[in-house]
2 protein chains.
Amino acid sequence: MKKLPDISLVNGKLESSVPVTDRGLHYGDGLFETILCLDQQLILRAPHLARLWRDAVRLKITIDITALEKELAQLQAMMAALGKDAGVVKIIVTRESSGRGYSTGGCGGSNRLLQFTSGIQYPKANRDGIRMALSDLKLAQQPALAGIKHLNRLEQVLAHSAIPKPFYQEALLCDSQQRVIEGTISNVFLVKDGKLVTPGLDQAGVRGVMRDHIMDAIAPPLKIMTSEARVTLADVLAADEVFVCNSVFGVWPVQALHVREYAIGTVTRRVQHAVDALGFPSVHA
Amino acid sequence: MKKLPDISLVNGKLESSVPVTDRGLHYGDGLFETILCLDQQLILRAPHLARLWRDAVRLKITIDITALEKELAQLQAMMAALGKDAGVVKIIVTRESSGRGYSTGGCGGSNRLLQFTSGIQYPKANRDGIRMALSDLKLAQQPALAGIKHLNRLEQVLAHSAIPKPFYQEALLCDSQQRVIEGTISNVFLVKDGKLVTPGLDQAGVRGVMRDHIMDAIAPPLKIMTSEARVTLADVLAADEVFVCNSVFGVWPVQALHVREYAIGTVTRRVQHAVDALGFPSVHA
């Protein structure tokens, strides 16, 4: 069953389509953000826009941030008018249209697609632990694109589609050097000796807003030490606790990775509880 | 200056846009072909459709090939009606639209976008040799996607945009293991001791229709031996001749790669001449 977006705005206009020449379609030449919306407020709005901005600089895509902010406000007003409180706002920014070929010559701006989809509900049980499969697909290493939430997502499509559901809810992705990188829709944290460790993302993976939020804003006041490191599968199997996170569902403890089982530990619960203040329990039912 | 397509057909209808939910836009979840059209005929039509089909099987995208063939005929009829003889036909096939998220559940079909762009003209001088830069970007190794002409093309966008034009016309891409793979818009062949060698594409790169055509149909009747191999930069520098190819421009000899200069040799000229029978001289001016 396909849940289609309730509202779509293309460069500020209510549209259900984008130009056939758009470079997002032709080359995946663009970026995206998925932002949780509760009580018509965008959760972690500032870090999402900051990440979009940072990634756009790396790909040399020019974003009219004033127009984007205006359109986000427009979208929120429409949600209010439709009586929609909660859902997910997706922002896609592409390097607009171009003539035939890869050349970015003449692409001085970008196209903005904003979508609101209501009725996001994850299984409540996920909050008390998910099972993670080990993905057969190994992420490619590409430092020029690592960390960026760009539109070239075939690896995630293949890996996500291969998860043996419903027994497993997520899959862990390693790179071709057998380093642990992330989940298909989440970043991953290990707890070892009371400290948080998350994989570095300089070779592969998406640098998630929730990942950075936990590192920068959640762990420090809880006096939990954090570090970014090269993480091997052996490290994950030797960890005391494991959890995954993203900015739409918050924190899900990992109760099993392949054949290894984990107790849901106190550090995971403390982080989950602190993150929950943003409202994540309400997107689970 | 942007040259926009003369005709666009979306699933057989004259349209200038695609749905905002299309997975080609959201994830680059799709494939494409660019086919030279001369005298309203699609050059190497069968191998292009065969490649599309082969890649679709690898990505598990279902293509309605009957509808696609009908739409290609429709496009050619429209070209005739508009008096357009020559140009490029681009086929994009995406894993249609889906709800939020990577899951391909419910995506049983695909969307077909056909575009015709007239007036393709490459510099005539390229037929007597181009200069190739060495790209700083190293292609990522991803066996699950290697060889496929999919829509995740950010590496090509970045590499192509970094070519120092007009002095260089193309750039040579290696992978992170320093193996030579391809050009940004072309495949590459070396000539060594009268034999053709082209890089294997099991880790990275696009398996071009012209590359396979030269291997399978051009070289054998010319009694030129061919092989696919692991090719290093040292191999390229030690080659007697180098050329690049694709199915839109045919064969361009390489007269210089970075600081190494090559004579345009007889093997390159024989292959170029044989390939030219398909009509490539006419797309140069």
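Procedures and definitions
- Residues numbered from 1 in each chain as written.
- Chains lettered and ligands numbered in written order.
- Predicted model: local features only at pLDDT ≥ 70, side-chain atom pairs only at ≥ 80, totals over all residues.
- Heavy atoms only, no water.
- Phe/Tyr/Trp six-rings, centres within 6.5 Å; stacked < 30°, edge-to-face > 60°.
- Helix = DSSP H or I, 4+ residues; strand = E, 2+ residues; numbered from the N terminus.
- Buried < 20%, exposed > 50% of the residue type's maximum accessible area, 1.4 Å probe, protein only.
- Salt bridge = Lys/Arg side-chain N within 4 Å of Asp/Glu carboxyl O.
- Contact = heavy atoms within 4.5 Å.
- Buried area = accessible area lost by both parts, 1.4 Å probe.
- Polar contact = N/O pair within 3.5 Å; in protein donor to acceptor, adjacent residues only side chain to side chain.
- Pairing = 2+ DSSP bridges.
- Disulfide = S-S within 2.5 Å.
- pLDDT = per-residue confidence, 0-100.
- Least-squares fit on C-alpha atoms with pLDDT ≥ 70 in both.
- Arc of directions from axis to C-beta.

Peer 1: For this particular structure, what's the right way to read the packing of aromatic side chains?
Peer 2: Aromatic ring pairs: the centre-centre distance and the angle between the two ring planes describe each pair. One pass over the structure, following the stated rule, counts 12 aromatic pairs over all chains. Measuring from ring centre to ring centre gives 5.4 Å for Tyr122(B) and Trp252(B), while their planes differ by 80°; the resulting arrangement is edge-to-face. Of this pair, Tyr122(B) sits in the loop between β7 (111–118) and β8 (130–139) while Trp252(B) sits in strand β15 (residues 250–257), placing them 130 residues apart in sequence. We note that Tyr122(B), like Trp252(B), is buried. Look at Phe249(B) and Trp252(B): their rings are 3.6 Å apart centre to centre, the planes differ by 5°, and that puts the pair in the stacked class. Residue classification places Trp252(B) among the buried positions, given a relative accessible area of 3%. Site record: aromatic cluster; members linked through ring pairs are Tyr122(A), Phe249(A) and Trp252(A).

Peer 1: Teacher, can you tell me more about the pattern of salt bridges here?
Peer 2: Side chains that differ in charge, positive against negative, can pair when their charged atoms come close. For the structure shown, the criterion picks out 26 salt bridges over all chains. The partner of Asp29(B) in a salt bridge is Arg23(B), with the nearest N and O atoms 2.9 Å apart. For Asp29(B), a relative accessible area of 0% gives the class buried. Glu69(B) is the partner of Arg45(B) in a salt bridge, and the nearest nitrogen-oxygen pair spans 3.4 Å. With Arg45(B) in helix α2 (residues 45–59) and Glu69(B) in helix α3 (residues 65–81), this pair connects stretches of sequence that are 24 residues apart. Take Glu69(B): its relative accessible area is 35%, and that puts it in the partly exposed class. Three or more residues joined by partner-sharing salt bridges are found here, namely Arg207(A), Arg211(A), Asp212(A) and Glu228(A).

Peer 1: What is the right way to look at the interface of chain B and chain A in this model?
Peer 2: Accessible area lost upon the coming together of the parts serves often as the stated size of an interface. Facing 65 residues of chain B, the contacting portion of chain A comprises 65 residues. Here chain B meets chain A over a buried area of about 4,900 Å², counting both sides, of which 63% is carbon and sulfur. Counting across the interface, chain B meets chain A through 24 residue pairs in polar contact (both at pLDDT 80 or more). Here the side of chain B that touches chain A takes seven residues from helix α4 (residues 154–161) of chain B, the largest share from any one element. As paired elements, strand β3 (residues 17–19) of chain A and strand β3 (residues 17–19) of chain B share three bridges and run antiparallel to each other. From the neighbouring strand, Pro19(A) faces β3(B), where its bridge partner is Ser17(B).

Peer 1: Got a minute to help me understand the state of the cysteines in this structure?
Peer 2: In a disulfide, the sulfur atoms of two cysteines are held together by a covalent bond. Residues and elements named next belong to chain B. One pass over the structure, following the stated rule, counts zero disulfides over all chains. Here Cys174 stays unpaired: no disulfide links it, and the sulfur of Cys245, its closest cysteine neighbor, is 17 Å away. According to the relative accessible area criterion, Cys174 is buried, its value standing at 2%.

Peer 1: Would you take a moment to explain unusual backbone geometry for this structure?
Peer 2: Trans peptide bonds make up the majority, and among non-glycine residues the majority have a negative phi. All names here are of chain A. Backbone torsion omega between Lys165 and Pro166 reads 0°, so that peptide bond is classified as cis. Position of Pro166 relative to the elements: it lies in the loop between α4 (154–161) and β9 (170–175). Phi is positive for Asn11, close to 50°, though the residue is something other than glycine. Here Asn11 lies in the loop between β1 (7–10) and β2 (13–14). On the accessibility criterion, Asn11 (30% relative accessible area) is partly exposed. Positioned with a positive phi, Leu44 is a non-glycine residue whose angle comes to about 60°. One can find Leu44 in the loop between β5 (41–42) and α2 (45–59). Residue Leu44 is classed as buried on the basis of its relative accessible area of 12%.

Peer 1: Explain the environment of Met132(A) here, please?
Peer 2: Residue and element names in this part refer to chain A. Within the secondary structure, Met132 is located in strand β8 (residues 130–139). A relative accessible area of 1% places Met132 in the buried class. Sequence spacing of Met132 and Gly183 is 51 residues, and the spatial spacing of their C-alpha atoms is 8.6 Å. For Met132, the residues in contact, after removing those within four places along its chain, are Tyr168, Glu170, Ala171, Leu172, Gly183, Val244, Val254, Ala256, Leu257 and His258.

Peer 1: Looking at this model, I keep getting lost on the confidence of the model for chain A. Mind explaining?
Peer 2: Atom-level detail of predicted coordinates should not be read off regions where pLDDT is low. In this model, chain A carries an average pLDDT of 96, and 99% of its residues clear a pLDDT of 70 or more. The ipTM for the predicted assembly is 0.97, set against a pTM of 0.97.

Peer 1: Looking at this model, I keep getting lost on the relation of the copies chain B and chain A. Mind explaining?
Peer 2: Put simply, the second copy of the chain is the first one after a rotation about an axis and a shift along it. The transform that puts chain B on chain A rotates by 180° and translates by 0.0 Å along the axis, for an RMSD of 0.0 Å. Expressed as an axis order, the relation between the two copies is that of a two-fold axis. Both copies contact each other with a shared surface, as 100% of the interface residues of chain B are interface residues in chain A too.

Peer 1: Can you walk me through helix α7 (residues 266–276) of chain B in this structure?
Peer 2: An α-helical turn contains 3.6 residues, so a residue and the one three or four places further along point in the same direction. All names here are of chain B. Burial in α7 covers these residues: Val267, Thr268, Val271, Gln272, Val275 and Asp276. Viewed along the axis of α7, the buried residues span an arc of 165°, placing them on a single side of the element. Across α7 from its buried face, at more than 90 degrees, point the exposed residues Thr266 and His273. Lining the buried residues of α7 we find β11 (187–192), β12 (195–199), α5 (209–218), β14 (241–246) and β15.

Peer 1: Looking at this structure, how should I read the environment of Pro220(A)?
Peer 2: Residues and elements named next belong to chain A. The residue Pro220 is located in the loop between α5 (209–218) and β13 (226–229) in this model. Taking the C-alpha atoms as reference points, Pro220 and Gly30, separated by 190 residues in sequence, lie 33 Å from one another. Non-local contacts of Pro220, meaning those with residues more than four positions away in its chain, are made with Ile214 and Met215.

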